[in-house]
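Structural characterization, general
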Amino acid sequence: MGSGTAANKGVRPMASGLKNYYVKRGLEKEFEVCFLDNRTVGLTQWQATSPLMTYLPSFMVQLTLIITLSRLLMIIFKPLRQPRFVCEILAGVMLGPTFMQNLQQVAIYVNKPEGVLLLETMGSLGVTFYMFLMGLEMDLTPIRKMEKTAYSVAIAGIILPGFAGMILYRLVKIDQEDAPMEGGFFWAIALTVTSFSDLARILSKLKLMSTDLGKTALASAVLTDLVSWILLVATIAMVNGRGNVLRIIPTLIFMLLCWFVIRPLLFRMIKRIGAEREDSLSSSSSSMEGQCSDKHVGFILTGVLFCGFITELCGVHPMFGAFMFGLIIPRGEIRTKIMDKIEEFVVGIMLPPVFLVAGLRTNIVFIAAGYRYWLVATVIIVASLIKIISTLLVCAYLRCSFRDSLALGVLMNTKGVIAIIVLQEGRNVKGFDQPTFTWMVLSIILMTGLVVPVVSFTHKSTRHLKQQHRMNLERSRPESELRVLACLHSSKNLSGLINLLHLSNATRKSPIVVFAVHLIELTGRASAMLILHDKSETNDISSNPIRERAESEQIVRSFESLQNDNRAVTVHPLTAVSPYATMHEDVSNLAIDKHVSVILLPYHKKPNDIGGWEDQNLEYKRVSQNLLANAPCSVGILVDRGLTRHLPLESQHDQIRKIRIAMLFVEGADDREALAYAWRMGANPRVTLTVVRFVPGKDLLESVADDDDADLDVFSAMFEKEKEKLLDDDYINEFRFRTMHNQFITYMEKPVNSGDQIVSTITSAHNDYDLYIVGRGYDRQSPMTSGLADWSEFPELGLIGDTLISVDSLMSASVLVMQQSPPVAALANPRVSQKGNTSGSNKGFSSDHPFVSHRLSNP
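Before going into details, it helps to say that this report is about the structure given with it. As the structure is a prediction and not an experimental result, all values here were calculated from the model.

On a plain count of helices and strands, the protein chain comes out with 31 helices and 17 strands. Residues counted as buried form 57% of the 859 residues belonging to the protein chain. Of the contacts made within the protein chain by residues no fewer than 6 positions apart, 82% connect residues no fewer than 24 positions apart. Surface summary for the protein chain: the accessible area is close to 38000 Å², and the carbon and sulfur share equals 58%.

A word on the nonpolar core. Generally speaking, a soluble globular protein has its nonpolar side chains buried in company with each other. Membership of the largest hydrophobic core comes to 112 residues, with the highest contact counts inside it found for Met131, Phe132, Leu232, Ile300, Phe325, Leu411 and Trp439. Here this core takes eleven residues from helix α9 (residues 212–240), the largest share from any one element. What phenylalanine 132 contacts, discounting residues up to four positions off in sequence, is Ile300, Leu301, Val304, Ala322, Phe323, Phe325, Gly326, Ile329, Ile338 and Ile342.

Inspection of every chain in the model, using the stated rule, returns 18 salt bridges. In this structure, the salt-bridge partner of glutamate 343 is arginine 201, at a minimum N-O distance of 2.8 Å. Taken as a pair, glutamate 343 in helix α13 (residues 333–350) and arginine 201 in helix α8 (residues 196–206) lie far apart in primary sequence, 142 residues in all. Look at glutamate 343 and you get buried, because its relative accessible area is 9%.

Here α9 contains 29 residues, and its C-alpha end-to-end distance of 42 Å stays within 8% of the 42 Å for a straight helix at 1.5 Å per residue. Judged by how many residues are buried, α9 sits mostly within the fold: 22 of 29 residues are covered. Of the residues one or two after α9, arginine 242 is the one with positive phi, at around 55°.

Time to look at the side chain of threonine 235. With respect to the helices and strands, threonine 235 occurs in helix α9. Not counting residues up to four positions away in its chain, the partners in contact with threonine 235 are Glu182, Phe185, Phe186 and Ile189.

In the structure shown here, the tally under the stated rule is twelve aromatic pairs. With a centroid separation of 5.4 Å and 80° between ring planes, the pair formed by tryptophan 679 and phenylalanine 735 is classed as edge-to-face. Taken together, the residues span a long stretch of sequence, with tryptophan 679 in helix α26 (residues 669–682) and phenylalanine 735 in helix α29 (residues 722–738) at a distance of 56 residues. Three or more aromatic residues link up through ring pairs in this structure, and these residues are Tyr169, Trp187 and Phe432. Looking at lysine 658, its charged tip hangs above the ring of phenylalanine 744, at a distance of 4.4 Å from the centre. Sitting over the face of the ring of tyrosine 769, arginine 660 holds its NZ or CZ atom 4.7 Å from the ring centroid.

With respect to burial, strand β4 (residues 482–488) is a largely interior element, seven of its seven residues being buried. Neither face of β4 is open: one carries Leu482, Val484, Ala486 and Leu488, the other Arg483, Leu485 and Cys487, and all of them are buried. Looking at chain direction, β4 and strand β5 (residues 512–521) are connected through seven bridges and run parallel. Within the sheet, the bridge partner assigned to leucine 485 lies in β5 and is phenylalanine 515. Once you follow β4 into helix α21 (residues 494–502) and on to β5, the crossover reads as right-handed. One ladder, built from three bridges, connects β4 with strand β8 (residues 598–602); its direction is parallel. Bridge pairing in β8 links valine 484 to valine 598.

Right, let's talk about a nonpolar patch on the surface for a bit. On the surface, Tyr151, Ile155, Ile159, Leu160, Phe163, Ile167, Ile381, Leu385, Ile389 and Leu393 cluster together into a nonpolar patch covering about 940 Å² of accessible area. If you list the elements that add at least two residues to the nonpolar patch, you get α6 (148–172) and α15 (373–397). By relative accessible area, leucine 393 is classed as exposed at 53%.

What follows is about the state of the cysteines. For the coordinates displayed, the defined rule picks out zero disulfides. Cysteine cysteine 307 shares no disulfide, and the gap to the nearest cysteine sulfur, in cysteine 258, comes to 4.9 Å. Given the relative accessible area of 2%, cysteine 307 is considered buried. Unpaired in terms of disulfides, cysteine 395 finds its nearest cysteine sulfur in cysteine 400, a separation of 4.5 Å. The exposure class assigned to cysteine 395 is buried, which follows from its relative accessible area of 0%.

Once that is clear, we can look at helix α17 (residues 417–428). The first and last C-alpha atoms of α17 sit 17 Å apart over twelve residues, in line with the 16 Å expected at 1.5 Å per residue. Among the twelve residues that make up α17, eleven are buried, leaving the element largely enclosed by the rest of the structure. Taken together, the buried positions of α17 are Val417, Ile418, Ala419, Ile420, Ile421, Val422, Leu423, Gln424, Glu425, Gly426 and Arg427.

A few words now on the packing of α6 against α9. Between α6 and α9, the least distance of the axes is 8 Å, while the angle of their chain directions is 40°. The pairing of α6 with α9 is recorded here as oblique in orientation. Viewed along their axes, α6 and α9 form a crossing whose handedness is right-handed. Across from Thr149, Ala150, Tyr151, Val153, Ala154 and Ile158 in α6, the residues of α9 making contact are Thr216, Ala219, Ser220, Leu223, Thr224 and Val227. Residue composition of the contact of α6 with α9, by class: eight nonpolar, four polar and no charged.

Structurally, the position occupied by isoleucine 230 is in helix α9. Residues isoleucine 230 and phenylalanine 320 lie 90 residues apart in sequence; the distance between their C-alpha atoms is 9.6 Å.

Let us look at unusual backbone geometry. The backbone of lysine 430 shows a phi angle near 65°, a positive value even though the residue is not glycine. A relative accessible area of 54% places lysine 430 in the exposed class. Not every positive phi belongs to a glycine, and histidine 595 is a case in point at roughly 55°. Counting through the fold element by element, histidine 595 comes out in the loop between α23 (583–593) and β8. Given the relative accessible area of 18%, histidine 595 is considered buried.

With six of six residues buried, strand β16 (residues 814–819) is to be regarded as a mostly interior element. As paired elements, strand β11 (residues 634–639) and β16 share five bridges and run antiparallel to each other. Paired with valine 639 across the bridge in β16 is valine 815. Taken together, the five bridges between strand β15 (residues 771–775) and β16 define a ladder with parallel strand orientation. Residue pairing in the sheet places valine 774 in a bridge with valine 817 of β16.

Here we come to the side chain of threonine 436. Among the secondary structure elements, threonine 436 is positioned in helix α18 (residues 434–449). Overall, threonine 436 belongs to the buried group, its relative accessible area being 0%. Discounting chain neighbours no more than four positions away, the residues touching threonine 436 are Val172, Trp187 and Tyr371.

Basis of the calculations
Residues numbered from 1 in each chain as written. Predicted model: local features only at pLDDT ≥ 70, side-chain atom pairs only at ≥ 80, totals over all residues. Heavy atoms only, no water. Helix = DSSP H or I, 4+ residues; strand = E, 2+ residues; numbered from the N terminus. Buried < 20%, exposed > 50% of the residue type's maximum accessible area, 1.4 Å probe, protein only. Contact = heavy atoms within 4.5 Å. Areas by Shrake-Rupley, 256 points an atom, 1.4 Å probe, with all protein chains shown as cover. Core = buried A, V, L, I, M, F, W, Y, C linked by side-chain atoms within 4.5 Å. Salt bridge = Lys/Arg side-chain N within 4 Å of Asp/Glu carboxyl O. Expected span 1.5 Å × (residues − 1). Phe/Tyr/Trp six-rings, centres within 6.5 Å; stacked < 30°, edge-to-face > 60°. Lys NZ or Arg CZ within 6 Å of the ring centre and 35° of its normal. Pairing = 2+ DSSP bridges. Right-handed = clockwise from strand over helix to strand, strands pointing away. Patch = residues over 30% accessible without salt bridge, like charges linked within 9 Å, V, L, I, M, F, W, Y side chains within 5 Å. Disulfide = S-S within 2.5 Å. Axes fitted to C-alpha atoms, helices over the stretch in contact; angles between N-to-C directions. Parallel < 35°, antiparallel > 145°, perpendicular 65-115°, else oblique. Left-handed = near helix turned anticlockwise from the far one by under 90°. Nonpolar A, V, L, I, M, F, W, Y, C, P; charged D, E, K, R; others polar.

Shown next as structure tokens:
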């Protein structure tokens, strides 16, 4: 016998195909559907025919339809950038009584009333494993490091929506004396909860994960989720215990056992697996005995079912035991392997029955059955806006910008599977009837569906672009703070970049802040998670954690040494785990968020044995090209060919010669940017700097005078862009004036008539330098460089940089190629508000470092 809710006071006549069902009217809008079930019984105590086999075909059809329709809606709503959850819940609603259930064939052969029990059972199993994955993904570290804004938003987002839910429940049930008191708690929890996993995926999609806004939203979501879970556990325990508060004690005992007994045992097991693997690698054994194998994964998944069974015995849903078990599993390879193995199966196959059950309980056609329309509108509007209002009030008190406050409020309104679970549990205890259940489902769809469009709109404003234009070295004062984003793909790139920073003249008056980012490819996961932790912790940063963690630790130690050697250098080591295709977006957003002036990259090629160059990884080249095309600040590419061996140590300052640096200036913004970086290096007492400016020769000027039209396109860069030339002259004159008393800085001009003369000048008179600094000058059309483009092989380095690494006589010299960001580049990624922020963090928002943050101890 199944139960449901009538659409109206009467009982609708049954169709001819539904004559096997008997509808019995219950109290008010409640009714029961009864049906005959013929079962064959054998001679044993077991049934000869399994009920599962009777309803399994229908379940398979239902699962096929919900998955197919969900995928179709994902394709349709892709231009609107709607999250997967919205498409899945809409698919469930479409298969329910609102649309397709009204078709007789669907009602008879697909959504049979007697098949609901199997559908709910499979959905419960899917929820159990989904909550286990939620526990795996959740990191509690942000709670310990929450800033004032984050916990204030979280607390307000719990209290105000909670009270609003209780008030709405009493308003709806004011005329119903038999309404259960516990129903209001389910209304309150449904409005309070924020889906941490769905929010993380939305932030990753919007490339806001590394911003202060994203970090504040995630930290608040973690606290909100935990409090909501505690309230839900307590509410279900009280409902099952018929109001007895003591019924929650067994659940609390289980949670304590998980944290203080099972968790240490799991840590010990994971540690032993790692030790066995290291021993296997050290002995060069080909066996995989020490690795996290399938048997370990099977053991963990069995533990999920066991913990779910224990919490079921304690009087709460099995999903709580699964969530707790996932939360206590240590971060490391086993977490990654479990996620890779079961995440898509759980989310794509086991979870859709939950959405179908919710859709079967939703009927938009009778949305106001027994209620007034003003009450329907009031509930939907208040439920959709209360979380945003609470966040706006808190942020207004903390004097945050309205732009970020609105975006934060909308992000905190992100709902997910947890909200549907709360509604389902509330429906089971009659806290919701069909109309009110429909109201809440529509509110959840509205809230989550507006998150991406609203946040995309608020963070694509051009209002703050003028400040982005100042993110380069030319517009900065030589003695000002230098903020650098140093990107490394591996430890092989380490020494060159660190030694370049050693030469960049960090002093108390002109300090350097370095954000050292270890770039790691994201594999096997749909989106990267934000993890904030100490460098001593074991962190899940890739699918091969031992190798990647060892490299990250080496990078951290090297940059820590840089910071200890010079107190004017502040280092923030980070790890960015992202797909190569979108890695440049993460780096660009981090550069904007931290007000970085220059991004330093290692060259993606390495010298081979025959004097040529070969790619280390073609994806590295792709990342570099994307950054050159889209970076919001200056970009420097370092071709390291032994800069380390020329670098004098502090203790050997008097015994070793100075580093010889040459800056080759042709024309344009990129060359001025290169001169700005060289200017800063020139103030280093261990450096001698020579600036060589190439100017048009006599023959070149005469050829232009003789033919003003034939080569107009070739000479447009010199003669039609007089403004650019004036900028070059002004910057050169300022440089010469300010460095006129520095005996270790030399300036000279060399007239040239073609690119060949530039090459001959470099190879004959300027071939004994340790480091060359040049501007990229991409697409530059200058008569002085004519002829060089015909032999260019490496467009990432520009014509002069390409020449420097191709000349045999300069094989031991390193090259730094600079590109100044064009004004249009900053238009692409205006992700965060810059108002009132000069230190890389917005006022009122969390200033923890993005991605995986390795915190250094103070020197």
